Structure formats: structure tokens, C-alpha cells
Amino acid sequence: MNKEEYQKLIKAKKPKEPKLKNALIAFFTGGFMGFFCEILSKLLIVWLGIPKSFSYGIICFLLILCASFFTALGFFDNLIVKYKCGLIIPTTGFAHSVTSSALEYKNDGMITGLGSNFFKLAGSVILYGIVSAFFLCLLKVICYA
Amino acid sequence: MIYLNAFLLPAFTCMIGQVILDNTKLTAGHITSIFTVFGAILSFFGIYPILIEKAGAGATILISNFGHMLFIGGMQGYNEQGFLGIFAGLLSKSSLAITSAVIIAFVFSILFKPKN
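Residues numbered from 1 in each chain as written. Chains lettered and ligands numbered in written order. Predicted model: local features only at pLDDT ≥ 70, side-chain atom pairs only at ≥ 80, totals over all residues. Heavy atoms only, no water.

What follows covers the overall build of chain A. Looking only at helices and strands, one finds 8 helices and 0 strands in chain A. Written out in order from the N terminus, the α and β elements of chain A read α-α-α-α-α-α-α-α. The C-alpha radius of gyration computed for chain A amounts to 21 Å, which surpasses the reference 15 Å derived for 145 residues by more than 25%, pointing to a less compact arrangement than a globule. Counting every position in chain A, which comprises 145 residues, the buried fraction comes to 43%. (Helix = DSSP H or I, 4+ residues; strand = E, 2+ residues; numbered from the N terminus. Rg over C-alpha atoms; globule rule 2.2 N^0.38 Å. Buried < 20%, exposed > 50% of the residue type's maximum accessible area, 1.4 Å probe, protein only.)

Structure representation (C-alpha cells):
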């Protein structure tokens, strides 16, 4: 058997990803998450009498807290495999990537392990977010100057 | 109506992310970066504040809100301090997300042991 035949065989035997099912799972996970967060934010506004933007901040904090806690307990990875982008696109994905890389490299030492690998996965979001936002700000300033 | 929007906006965003993840070679890191940049672009055209108004928490829980907050902070800094204010204020609004993620992740990584 030569290399090409082997590749063909692998392609045929490889389990096909159920793309439609994955998309629907992500659709409903993301949707219900937004729905319940909106209800929670309305409840917070009524209960605590706080402004809208402050309640969004609390929800963001709670999501990060839950995602980090579940990652530290070890079962958030299974949830991510199950619900995929439904949990990656919201803020939970950001918190998960920070916590999981911190836990993973903890044994290599506090500086060379945890410290230098802390933003290993979330670094790209922060870097490209800051770079793009800075140049867009610059563009807006130049346009309206 | 706001509850329906709060369902539909993150639902379609997550579905688009999943379709990109399944049909291209891009990883989850690529997709979150793309959505962050996309949020900053939407904020640049003034669309993201409208989305937050219409969909509420549905728009603020997404990673694109991070890009929006960066842009808003930068513009606020410019209005207060001029050109140098962009550097000073860019992270001011999104500090909550970054600082809380860093502190919480650090505390939990000290307290818990990695599981394999």
C-alpha cells in the first residue's frame, strides 16, 4: 500500500463530524446563555437598584468566576467538547483558556511555568484586540479631526 | 422583545463560530481573535452600542464586547486627554474582564491541582 492509498483509506475511515448537529448545539447553547443572562441582569436591576451597565459588569464577572471554577474542578473541558462554540465565543471561553493554561504549567514553577505561560492561549485575543482597537481609534480621530 | 434578541444574537454568533470551526482549519484561538477584532470594527461604525441596546446581556457576554470596550475606552481617553489619552484609556473599560480573569485564574490555579 503506498502513501496515497493510505491517505484515502484514512479519509474514508475517519468519523465524519456532524456539522449540522454541532451548529445547532452551538446555536442553542449560546442562545440560552444570552437569554438567561438577560433575565439575570433584569433581576439584578430590580433587586439591587443598580444601573444597566453595572449589572452587565456583574454578569461578566460571574461568568468568568463560574468558568474558572469549573475549569479548576476539571469538568469544564468536557463541557467545551460537548457544547463547543456555544461556550467558546462568550466570555467563558476567555476565562477557561487563562485558567487551563495556568493550571497546566503550574508544575513547571511559579515564574517559568505559571507566569510565562499564563496568557499562552488568551494572549492572541488581548494582543489583536488592543492592536485593532488602537488603530481604529486612530482612524476615527483622523477622520473627525 | 429584548429577551428574544438576547437569545438570537449570541445564538447566531455562536453558530457562525461553530460553522467556521468545522469547515476551515482555523482553531478556537483564531475564532475568538477574529470575533474580538470584529467587535472593535462594529464599535467603530457605531453598531455595537445599538446591539447592546437591543439585545442587552446577549451582546455583552460575547467576546466581541471586549473589542467594543477597548474601542470605547480609547475614544473616551482621547476626548479627555487628547492623543496620549488613547494609550492611557484603551484598557480602562475592559479592565474588569482582564483583571477579574487574571485574579480568579491565579487564585484557582494556586488552590487546585491539575487533573488529567
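Next, the rest of the story.
A tally of regular secondary structure across chain B gives 7 helices and 0 strands. The helix and strand sequence of chain B, counted from the amino end, reads α-α-α-α-α-α-α. If you line up chain B on its principal axes, its C-alpha atoms span 50 × 40 × 30 Å. When each of the 116 residues of chain B is scored for burial, the buried share is 48%. Intrachain contacts of chain B at a sequence separation of at least 6 include 45% that bridge at least 24 residues. Counting every atom, chain B has about 5,700 Å² of accessible surface; 72% of that belongs to carbon and sulfur. (Contact = heavy atoms within 4.5 Å. Areas by Shrake-Rupley, 256 points an atom, 1.4 Å probe, with all protein chains shown as cover.)

Opposite the 64 residues of chain B that make contact, chain A presents 62 residues. Taken together, the two surfaces of chain B and chain A that pack against each other cover about 5,600 Å², and 81% of this comes from carbon and sulfur. Looking only at chain B, the three residues that lose the most surface to chain A are Tyr3, Phe7 and Ile61 of chain B, adding up to 12% of its buried area. Joining chain B to chain A, the criterion identifies 0 salt bridges. When residues of the side of chain B that touches chain A are traced back to their parent elements, those giving at least two are helix H1 (2-23), helix H2 (28-44), helix H3 (48-55), helix H4 (57-60), helix H5 (64-81), helix H6 (83-89) and helix H7 (95-111) of chain B. No other element matches H1 of chain B, which puts 17 residues into the side of chain B that touches chain A. (Buried area = accessible area lost by both parts, 1.4 Å probe. Salt bridge = Lys/Arg side-chain N within 4 Å of Asp/Glu carboxyl O.)

Note on placement: Ser97 of chain A falls in helix H6 (residues 91-104). When near neighbours in sequence (up to four residues on either side) are disregarded, Ser97 of chain A contacts Leu121 and Ala122 of chain A.

Once that is clear, we can look at unusual backbone geometry. You will see that Lys84 of chain A, though not glycine, has its phi angle at about 50°, which is positive. Within the fold, Lys84 of chain A resides in the loop between helix H4 (76-83) and helix H5 (85-88).

It is worth spelling out the state of the cysteines at this point. Counted under the stated rule, the structure contains 0 disulfides over all chains. Left unpaired, Cys37 of chain A is separated from the closest cysteine sulfur, that of Cys66 of chain A, by 9.4 Å. The class for Cys37 of chain A is buried, based on a relative accessible area of 8%. With no disulfide of its own, Cys85 of chain A lies closest to Cys14 of chain B among cysteine sulfurs, the gap being 6.9 Å. Here Cys85 of chain A falls in the buried class, since its relative accessible area comes to 1%. (Disulfide = S-S within 2.5 Å.)

Don't take any of this as a statement about function, it's just geometry.
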